[in-house]
Amino acid sequence: MDLHLNGKVVLITGGTDGLGAALANRLVEERARVAVCGRDSHRLAVTEQRLRDAGGDALVVQADVTRPADLERFVDAAVTRWGRLDGLVNNAGKSAGGRIDQVSDDDWIADLNLKVLASVRCTRLAVPHLIAAGGGAIVNVLNIGAKAAGAASLPTTASRAAGLAITKAASKDLGGHGIRVNAVLIGLVASGQWQRRADAAGQSEEELYRQMVKNTHIPLGRIGRSEEFADLAAYLLSDRSSYVTGSAVNLDGGTSPVL
Ligand SMILES: NC(=O)c1ccc[n+]([C@@H]2O[C@H](COP(=O)([O-])OP(=O)(O)OC[C@H]3O[C@@H](n4cnc5c(N)ncnc54)[C@H](OP(=O)(O)O)[C@@H]3O)[C@@H](O)[C@H]2O)c1
């Protein structure tokens, strides 16, 4: 199915590894113009090379989403280069799960800053450009814990629940401008963060994923692939989902107990 993303300009926060990187690849295949950000210089350089090799019109910017000035620079760089903006994917983040009696104020603040404030700020920066382009799409990458928090899942599940509320409220605020806002709720999907966790534990990635499948009841019996996330997010960014807004889609092989 042609997603008609040819020439669209899409920003992805955290597009140098894992889900964001898979989406950047997918969008370049669709001939969209893509700007990604991240912090680590090596990952940025590898991403830039990979997207260029794929023939992509891509911009790779070193920016930490927890720093407002970096976010401004990221959005400005894309708009300066291409003169428009059609899509934003608030994706940068990392897993952070602890018990209510064990998570410190500092950890709460850091998580809310990374997952809630950064996406709000980036959305606020992007909206005037999306309006100027006649509309567009925003995809917020969340976690299935947003709807059904498990034990030892804080602060992430609270930050992600805020992300759900923000998605719904923003869809109502921005619908009149032709801007759709949706969320993807991730279960377990193979990505850089798990690869790094496996490396740190001295085990193979496959071994870690086998353990995850054993410890989590996943009806489809496997963890997801980042390309599966990319397909869903690309669809939500495209006009093929033109009547879908204010929705949250689980990408979890059936793991979540709720819709
Ligand atoms: N994979 C899963 O199973 C899973 C499950 C639930 C939710 N999620 C969510 O899905 C999103 C993507 O996760 P992933 O698994 O693909 O992680 P990943 O493989 O670690 O990739 C994360 C990307 O975000 C970037 N990033 C992280 N912190 C950043 C910051 N402060 N500023 C700018 N960029 C930043 C990373 O680059 P640098 O580190 O170089 O900055 C990298 O490009 C996250 O929001 C995560 O919480 C994933």
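As the structure is a prediction and not an experimental result, all values here were calculated from the model.

Asks: Run through the layout of surface pockets, naming residues and quoting values.
Replies: For the second largest pocket, the calculated volume is near 170 Å³. Taken together, 14 residues make up the lining of the second largest pocket; nearest its centre are Lys-8, Gly-136, Ala-137, Leu-237 and Asp-239. Of the residues contributing to the lining of the second largest pocket, the split by class is 4 nonpolar, 6 polar and 4 charged.

Asks: Describe the pattern of salt bridges, listing the residues and the values that go with them.
Replies: Scanning all chains against the criterion turns up 12 salt bridges. Lys-115 is the partner of Asp-111 in a salt bridge, and the nearest nitrogen-oxygen pair spans 2.8 Å. A residue pair is termed a helical-turn pair when its members lie 3 or 4 positions apart in one helix, as Asp-111 and Lys-115 do in helix H4 (residues 105-132) at 4 residues. For Lys-115, a relative accessible area of 5% translates into the label buried. Linking Arg-222 and Glu-228 is a salt bridge whose minimum nitrogen-to-oxygen distance equals 2.7 Å. By sharing partners, the salt bridges in this structure join Arg-26, Glu-30 and Asp-231 into a single network.

Asks: So what about helix H3 (residues 68-82)? Which residues, and what values?
Replies: With 15 residues, H3 extends 22 Å from end C-alpha to end C-alpha; this agrees with the ideal 21 Å at 1.5 Å per step. Every buried residue of H3 is listed here: Asp-70, Leu-71, Phe-74, Val-75, Ala-78, Val-79 and Trp-82. On an axial view of H3, the arc spanned by its buried residues comes to 165 degrees, and they lie on one face. For H3, the exposed residues set more than 90 degrees away from the buried face come down to Ala-69 and Thr-80. Among the structural elements, strand S1 (9-13), strand S2 (33-38), strand S3 (57-62) and H4 are those in contact with the buried residues of H3. Within two residues after H3, Gly-83 carries a phi angle of roughly 75 degrees, on the positive side.

Asks: So what's going on with the domain arrangement of the chain? Which residues, and what values?
Replies: You'll often see interface size given as the accessible area lost when the parts meet. Each assigned domain of the chain is listed with its residue range as follows: domain 1 (9-187 + 224-250) and domain 2 (190-223). Across the contact, 10 residues belong to domain 1 and 9 residues belong to domain 2. Each partner contributes to the roughly 650 Å² buried at the junction of domain 1 and domain 2, and carbon and sulfur atoms together form 35% of this total. Contact with domain 2 buries area across many residues of domain 1, yet Asp-17, Ser-95 and Gly-224 alone supply 55% of it, more than any other trio. Counting across the domain 1 and domain 2 interface gives 2 salt bridges. Close ionic contact of Asp-17 with Arg-196 constitutes a salt bridge, the shortest N to O distance being 2.8 Å. Taken together, domain 1 and domain 2 are joined by 4 residue pairs in polar contact (both at pLDDT 80 or more). At the level of secondary structure, the elements contributing two or more residues to the side of domain 1 that touches domain 2 comprise helix H1 (18-29) and helix H8 (226-237). In terms of residue class, the side of domain 1 that touches domain 2 is made up of 1 nonpolar, 4 polar and 5 charged.

Asks: Tell me about the site of the ligand, residues and numbers included.
Replies: Among the 31 residues in the neighbourhood of the ligand, the closest are listed as Thr-16, Arg-39, Asn-91, Ser-191 and Arg-196. One of the backbone nitrogen or oxygen atoms of Asp-17 is found 3.2 Å away from an oxygen atom of the ligand. At 2.9 Å from an oxygen atom of the ligand is found a side-chain nitrogen or oxygen belonging to Trp-194. For the ligand, the accessible surface in isolation is 870 Å², of which the surrounding protein chains cover 96%.

Reading the values: rules and limits
Residues numbered from 1 in each chain as written. Predicted model: local features only at pLDDT ≥ 70, side-chain atom pairs only at ≥ 80, totals over all residues. Heavy atoms only, no water. 1 Å grid on protein atoms, 1.4 Å probe; cavity = no way out; pocket = protein on both sides within 12 Å on 5 of 7 lines; lining within 4 Å. Points joined across faces, edges and corners; volume = space filled by probe spheres on them. Nonpolar A, V, L, I, M, F, W, Y, C, P; charged D, E, K, R; others polar. Salt bridge = Lys/Arg side-chain N within 4 Å of Asp/Glu carboxyl O. Helix = DSSP H or I, 4+ residues; strand = E, 2+ residues; numbered from the N terminus. Buried < 20%, exposed > 50% of the residue type's maximum accessible area, 1.4 Å probe, protein only. Expected span 1.5 Å × (residues − 1). Arc of directions from axis to C-beta. Contact = heavy atoms within 4.5 Å. Domains from an automatic or database assignment. Buried area = accessible area lost by both parts, 1.4 Å probe. Polar contact = N/O pair within 3.5 Å; in protein donor to acceptor, adjacent residues only side chain to side chain. Near = heavy atom within 4 Å. Areas by Shrake-Rupley, 256 points an atom, 1.4 Å probe, with all protein chains shown as cover.

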